[in-house]
Amino acid sequence: MAQKNSQWVPVDALTPKPVLVTGQKPAVNGLTSSWGLQYQVNDNTAYNVDPTDPKYANTTNVLFATDKDGQPMPAQKADGGIDFKEAKEKQDLDGYFKLVTWPVTTNADGTQCKPTASTPEVTTKIYDPQQDSLVGITDDMSTAQKNTNLDAGWAIDTAFYKYDVPRPDDPTITNIQNDTDGSLNASGSVYTGKLDPVVSGECTPSKDATHPNTVTLFGEDPGNPFKEEQGKSSDDLVKSSDSWGFKLGETVCKVDPKSKQGGSWQIQDTNKQYPSPDPGNKYDGYRRYHAWVTESASGFGLTSFFSNIGTAYFVSNENAPDGKLSVTVPHTKNGILPANSVVTFQGSVSPIYTAWSSGGLGMTDSRMAISMKQNTASDWTSLVTTPANTFQRDAAVNTTSPSVTDPTSGSVLKVVKTGASTWSWTLTIPAGRFTGYNGDDETEKYTFQVKMINPLNVPSDPVSTNRTVDMTPTTLTLERYDVFQVAGKAYKYVNGNTRVPETKGTVVHVTWPGNSSTDVVVGNQGSWQATPPEGINQGRFTAQVTSDDAESTDPQSGSFQGGNESAAVSHALEFRPSTSSLPFAGGWPLSVLKILLMLILGLAGFVACLRNRQESRY
């Protein structure tokens, strides 16, 4: 028999069926000379010779492979030799041949050996395997039956002709378990929150189920890193045996119809197979893995080359960002918000996971996500999320990462490395993003939030700050402007031309002719009024809200950042008669009033006298 594709098959060009040889004589014990041993060997040995050769005319124990017509088989040479080249090429065999015999043993008198009370171990399977159909193999026989029959025989010799035992196919690593999808990315790595991940992949199963292929997983020894050439040739594989890594476990390559290679495997790295002083798997670290397959069908235990290298980066949850946040709000100047005004949001972070700017081995950095929410709204608005490689561990201090512009919000982020593991950041948000003010102070209140997101896409706890964002100026109107009083209204215009009275307490600063000034506060319904200082009876005055004080003190810095400045209104003071100088208003002298009263009384008396005279005539 011979191997074909690592499976045992009959040799069609020699003995497709077992050849029965008879004529051997039973062995005799008690030989006393080497001549006797040689004589016995001649009698008990079967010879592969042509029985028609005159030299063997009297030899009965002859083995010679012939076809049904008695003609020699193609691989049977006339001199008794075997043409293994012919046998290999005709059947496309592997080149590994095995000669097996199944002895039929009898007693000295020719009777069949059977078990007795003193020899219970004697069975027909041992002494006459032919009786139990344990002789020879056929092409259509199951692998299990072939192995049973081969185990019942005696392998008396082996032969090799251009035999190259094929290595089993290399396995592949396709997945390293994490909390979500553990499939390897394009770089052959995956991020996992587990320090004892399950490594799995594909393999080619053995065609002989009783001799399966076995997958062995290795974890890299940091002191002897993997070498890429280990997967190229057997010489490189042996030479670099010290860099194979730590053996983590082995498992059978199981048949899997969903696998491209036909089989699958999985082995858990229990994080307990790394000898001291290796610290084992740890967060913010990584482990590289590779595997190979060992076959058992040939009996040589050949291994495949190593698989691809799979890398697991062990990721813990991210730390929350620094809670020292600052928000700066722009304000109007002379009633107008400066062009390109932005709200500035600032802080600092110390991400656990940072990238290598040099492109060396290491996990990608965590991301920073910034968002805001108008407190009267229910949803958060994303402002910006940092791209990969923003936080680079080997960047020098004071290095500025490329600025990031969010296309949706228009926000621009700048990040500067300020320490070994600390970055400060500044986000500018276009003023136009703050809409929805309807006159209700609550619609001007916003929450700004920042959080870190680790490479597993798991966010940290967020930190936030609340701020009033008021960029709507006050509009002043004048209703009176004379030397006795100036007065008017203070409004905010929202949603176009809708007027909302300014908040009570807002200060209106009035500058009089001569540059003296008065501060007055806005009252109910946005009204305000001021009395010119004594002695001012002409000239122009100017009224303006220099800061509407809409913004409270920054809760982090404790500093007041001011408010909006209104457009200035100005008018010349007009002279109007004082109401105190008008009659009956208390403005005339008392003597004048008395004269007027006497005149009125006299006139009334005169009218009464005339009326009496007229009545006396009648």
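Above: the structure in question.
This write-up is about the structure you can find in this document.

Procedures and definitions
- Residues numbered from 1 in each chain as written.
- Predicted model: local features only at pLDDT ≥ 70, side-chain atom pairs only at ≥ 80, totals over all residues.
- Heavy atoms only, no water.
- Core = buried A, V, L, I, M, F, W, Y, C linked by side-chain atoms within 4.5 Å.
- Buried < 20%, exposed > 50% of the residue type's maximum accessible area, 1.4 Å probe, protein only.
- Helix = DSSP H or I, 4+ residues; strand = E, 2+ residues; numbered from the N terminus.
- Contact = heavy atoms within 4.5 Å.
- Disulfide = S-S within 2.5 Å.
- Pairing = 2+ DSSP bridges.
- Salt bridge = Lys/Arg side-chain N within 4 Å of Asp/Glu carboxyl O.
- Phe/Tyr/Trp six-rings, centres within 6.5 Å; stacked < 30°, edge-to-face > 60°.

By size, the foremost hydrophobic cluster in this structure holds 28 residues, and its most contacted members are Ile370, Trp425 and Phe448. Within the residue set of this core, elements represented by two or more residues are strand 15 (342-349), strand 16 (367-374), strand 17 (381-385), strand 19 (412-417), strand 20 (423-430) and strand 21 (445-453). If sequence neighbours within four positions are ignored, Trp425 has contacts with Leu325, Phe345, Gln346, Gly347, Ser348, Val349, Met368, Ile370, Leu413, Lys414, Val415 and Val450. Core analysis: the next-biggest nonpolar cluster, separate from the first, contains 19 residues, Val199, Cys203, Leu217 and Ala291 among them.

It is worth spelling out the state of the cysteines at this point. Inspection of the entire model under this criterion finds 1 disulfide. Paired by a disulfide, Cys203 and Cys253 hold their sulfur atoms 2.0 Å apart. Residues Cys203 and Cys253 share a disulfide whose torsion about the S-S bond is about 100°; that sign makes it right-handed. You can see Cys203 sitting in strand 7 (residues 198-203) and its partner Cys253 sitting in the loop between strand 9 (246-252) and strand 10 (254-255), a full 50 residues away along the chain. Accessibility assignment for this pair places Cys203 and Cys253 in one class, buried.

Looking now at the sheet that holds strand 11 (residues 263-268). Spatially, 5-7-11-10 is the arrangement adopted by the 4 strands of the open sheet, whose pairing is antiparallel. Either end of the sheet is taken by a strand with one partner, and the two such strands are strand 5 (172-176) and strand 10. When strand 10 meets strand 11, the two strands line up antiparallel, connected through 2 bridges. Across the sheet, Val255 pairs through a bridge with Gly263, a residue of strand 11.

A separate point is the sheet that holds strand 20. Across the sheet, 5 strands lie side by side as 14-15-20-19-18; this open sheet has antiparallel pairing. Taken across any chain shown, the strands that pair with only one partner, and hence form the sheet edges, are strand 14 (326-328) and strand 18 (404-405).

What follows covers the pattern of salt bridges. Within the structure shown, the criterion is met by 8 salt bridges. Between Arg480 and Asp482 there is a salt bridge, and its shortest N-O distance comes to 2.6 Å. The class of Asp482 is buried, set by a relative accessible area of 0%. A salt bridge links Lys492 to Asp548; the shortest N-O distance between them is 3.8 Å. With Lys492 in strand 24 (residues 486-494) and Asp548 in the loop between strand 29 (540-544) and strand 30 (569-572), this residue pair connects regions lying 56 residues apart in the sequence. Overall, Lys492 belongs to the buried group, its relative accessible area being 4%. On the accessibility criterion, Asp548 (5% relative accessible area) is buried. Through salt bridges with shared partners, a single ionic network connects Asp470, Lys492 and Asp548.

By secondary structure assignment, the location of Thr472 is in the loop between strand 22 (463-468) and strand 23 (475-481). When its relative accessible area of 17% is taken as the criterion, Thr472 is described as buried. With 93 residues separating them in the primary sequence, Thr472 and Glu565 have C-alpha atoms 9.3 Å apart. Aside from chain neighbours lying at most four places away, what touches Thr472 is Tyr437, Glu444, Lys492, Tyr493, Asp548 and Asn564.

What follows deals with the packing of aromatic side chains. Tallying each qualifying case throughout the model produces 22 aromatic pairs. The interplanar angle of 10° and the centroid separation of 4.9 Å between the aromatic rings of Tyr96 and Phe160 together place this pair among those described as stacked. Here Phe160 lies in strand 4 (residues 154-160) and Tyr96 lies in strand 3 (residues 96-101), a separation of 64 residues in the sequence. Take Tyr96: its relative accessible area is 8%, and that puts it in the buried class.

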